[in-house]
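So the chains spell out like this:
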Amino acid sequence: MNNLRDNRLVKTFAGLRTAGKKALMPFLTAGYPDLETTAALLKDFEARGVRIVELGIPFSDPIADGPTIQASYTDALDGGVSSEKIFEMVRSYRSTSLTAGRSGDGSLALVAMVSYSIVFKHGVEPYLADAVDAGFDGIIIPDLPLEEASELEPLTSSAGLANVMLIAPTTPPERRLEIARHSHGFIYYISIAGITGERARLPEESIRAVAELRTHTDTPVCIGFGVSNAETVAHVCEVADGAIVGSAIIHRITDAKDAPRDELVKKVGEFVGELLKSII
Amino acid sequence: MSENEKAGYFGPYGGQFVPETLMSALAQLDREYHAAMADESFLAEFDRCLREIAGRPSEMYFARRLTENLGGAKVYLKREDMNHTGAHKINNTLGQALLTLRMGKKRVIAETGAGQHGVATATAAAVFGLECDVYMGTEDIRRQALNVFRMELLGARVVPVTTGQRTLKDACNEAMRDWMGSVEHTHYILGSVVGPAPFPEMVREFQCCIGRESREQMLQIEGRLPDTIVACIGGGSNAAGIFVPMINDDVEMIGVEAGGRSMGLGDHAASLVAGEPGVLHGARSYVLQDSDGQTAEVHSVSAGLDYPGVGPEHAYWKDTGRVGYTTCSDDDALDAVVALSRAEGIIPALESAHAVAEAMKIAPKMKPEQILLINLSGRGDKDCNEIADILKRRKK
Ligand SMILES: Cc1ncc(COP(=O)(O)O)c(C=O)c1O
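Keep in mind that what you see is a predicted model, and the values were worked out from it rather than measured.

Rules and cut-offs
Here, residues in each chain are numbered from 1, in the same order as that chain's written sequence. By the order in which they are written, chains take letters starting at A while ligands take numbers starting at 1. Only residues with pLDDT of at least 70 get local features here, since the model is predicted, and only at 80 or more are side-chain atom pairs given and counted; chain-wide, interface and lining totals rely on the full set of residues. Working from all heavy atoms in the structure, the side-chain values ignore hydrogens and water. Buried residues are those whose accessible area, probed at 1.4 Å on protein chains only, stays under 20% of the maximum for their type, while exposed residues exceed 50% and partly exposed ones sit between those limits. We count a stretch as a helix when DSSP gives it H or I for four or more residues in a row; a strand needs E for two or more, and each element gets its number in order from the N terminus. Pairing between strands is defined by DSSP: at least two bridges between them are needed. We call two residues in contact whenever any of their non-hydrogen atoms come within 4.5 Å of each other. Within 3.5 Å is the distance limit for a polar contact, defined as a pair of N or O atoms, with the added protein rule that one can donate a hydrogen and the other accept it, and that residues adjacent in sequence qualify only through two side-chain atoms. Put simply, buried area is how much 1.4 Å-probe accessible surface two parts lose in total, over both of them, once they are put together. For this document, the term salt bridge refers to a Lys or Arg side-chain nitrogen within 4 Å of an Asp or Glu carboxyl oxygen. Helix axes use the C-alpha atoms of the stretch in contact, all axes being lines fitted to C-alpha atoms, and the angles between their N-to-C directions lie in the range 0 to 180 degrees. A pair of sulfur atoms, both from cysteines and within 2.5 Å, is called a disulfide here.

Break down the pairing of strand β14 (residues 371-376) of chain B for me, citing the residues and quoting the values.
Residue and element names in this part refer to chain B. Judged by how many residues are buried, β14 sits mostly within the fold: six of six residues are covered. With burial as the criterion, each face of β14 is covered, one bearing I371, L373 and N375 and the other bearing L372, I374 and L376. By the bridge criterion, six bridges tie strand β4 (residues 74-79) to β14 in an arrangement that is parallel. Across the sheet, the residue bridging to L77 is I374, located in β14. Relative to β14, strand β9 (residues 228-232) runs parallel, the two being bridged by three bridges. Bridging from a neighbouring strand, V230 pairs with I374 of β14.

Right, here's the structure in full:
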């Protein structure tokens, strides 16, 4: 059943582990402020040494997101972004790897963060097939908990897509292990009981919980929600395989939204560059 | 029906499509709810609250003049508008407030559209000494100003929601986001038979007092059950509450959704009549959305029906054909407000007026010995400003 041996996300983490390295995983709202900028940011991040990016598929009603990401979703949807257009952008990003041999060459591992409302509407199998075909390597469906995911898991694996599952601070111990067993690519540990947004400090219980979790699983564990600066990235990566940074990046995109694209990409890229330094 | 055996599902509808963060709270709620329903002392206490606080049982009223005017079936009204706080919503909030105490939680949150569920939650919170925050879209704060004042007078905080269309769906999003961060000490009192399991079943059970009383009252007054029951559908709680105790009887059931301005997407809130299967707010049901899965805009003159989803059990009843679903336009609902006010001296809520309008359509086609029961889910005091504005505009 496991068709994930050649999965780019799985291989990227394996490579990082062998090299004793950690992953900085920037989150981008696909199509915010527009898809061309998202594509430019992917290339910039890649050139700076990022290996994995999470792409949020905008949704009208994101329950797990705070004001920063919500607003970026609303803005992207107002601009006419849809799953289909995002897939097209990813496909064209991938195709650059055929023409260029340097870094920034379209070989990032890409993970889609998408509401089950969207996946269900398109039909689960067609959606997964389209995502893989476009060039996605993993999928996170934050509103599809263990109980509802049993049908999805074999479909993602046979499509060659890593189904990344989430563990929350409120998840009981045994259930954590159960989720860990069903998560592919990596395990997404949510650092705080709450919604996305920048936090000055992360709860130490979460850091301890991830350390504990890593003794039970070989699947990489990454921490997201609230990770917002070089210090928190470094702190998180003392125990985790990687850190996911979302709102802190989106808010910098928002700040530079009215600037020319090059300038926005440079500003946001420099911030990501700083974060990268903290894990090397 | 093997799928029906899956807990939290009604056929293929229902489920728990929520972030992992909420799953342990839903598991706790599910445990406590089922334990409570098997606990005689909980049921006795709930019953006492329904009597002493809500003022139950509500009357079964024969609408003599309306019946004469329509010239067909005998029309009865189940007077949920006579409940304390003015609607059926209090039945559910009392039940969930008792569960909140049972779970040892000290704070409740709620979403509200018409403000009736907000007022009912604020009332239950006052009765039991719970902290209470109610999320409400700013468009609804505008159209339901009286209820905003009532909630605040009752000691609740009304939190304005400015995202999306600033109505019920957006208030529901915001309440869920609050719950994501407060779940360990806060209970979310959802106001209808929507959301992730166990909410749809639990809210239905707390509302079933409506149908159980109606059944008894009908048998007592007429010696038989009604031929047809009509109820309006927002999320579907007043309808489920009156339907379920007679669902296995030979009684025709009709749910009336908001037909709004027109049947074009964005102009109405008829999820069952015009929507398709989808996922919203934690459950699979009928949803109004676009082809990409984004929730569509909705409209209704009535804030309590202005919602792009519907309870999963209604989706199941639609597919099985057990309940018929139809729509009523904004205009017809307003006409029904006027008609019922003049015929019976009862000003219905705009939500309930949707059911009255449908009854006015079908009663004349029924025989005089037939019985048509309307669930009059709430009273119209809260809507008077809005109705006055619209009637003024109409005159011009
Ligand atoms: C009087 C009244 N009736 C009906 C509704 C719709 O809700 P439901 O369909 O859950 O009964 C509302 C909601 O606010 C209401 O206030």
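Got a sec to walk through the environment of B:R177? Specific residues and values, please.
Residue position: B:R177 is located in helix α8 (residues 168-182). Along the sequence, B:R177 and B:L50 sit 127 residues apart, while their C-alpha atoms lie 30 Å from each other. The residues contacting B:R177, other than those within four sequence positions of it, are A:D61, A:P62, A:I63, A:D65, A:Q70 and A:I195. Side-chain polar atoms of B:R177 contact the backbone oxygen of A:P62, separated by 2.7 Å.

An account of the interface of chain B and chain A is needed here, citing residue identities and associated values.
If you look at the interface, chain B gives 35 residues, while chain A gives 37 residues. Both sides of the chain B and chain A interface together cover about 2,900 Å² of buried area, and 52% of this is carbon and sulfur. On the chain B side of the contact with chain A, B:E20, B:R177 and B:D292 bury the most area, a combined 25% of that side's loss. Seen at the junction of chain B and chain A, the total is three salt bridges.

Give a description of the sheet that holds strand β3 (residues 60-62) of chain B that names residues and reports values.
Adjacent strands of a sheet pair through backbone hydrogen bonds, lying either parallel or antiparallel. Residue and element names in this part refer to chain B. Spatial strand order, β3-β4-β14-β9-β10-β13: six strands in an open sheet with mixed pairing. Pairing within the sheet leaves two strands with one partner each, and these edge strands are β3 and β13 (324-329). On average, adjacent strands in this sheet sit at an angle of 30 degrees to one another, irrespective of strand direction. The sheet contacts of helix α14 (residues 330-344) involve β3, β4, β10 (252-260), β13 and β14, and relative to β13 the element is tilted by about 85 degrees. Strands β9, β10, β13 and β14 of the sheet are contacted by helix α15 (residues 350-362), whose axis makes an angle of about 145 degrees with β9.

Tell me about the state of the cysteines, and please be specific about residues and values.
According to the stated counting rule, one finds zero disulfides over all chains in the structure shown. Unpaired in terms of disulfides, A:C237 finds its nearest cysteine sulfur in A:C222, a separation of 7.8 Å.

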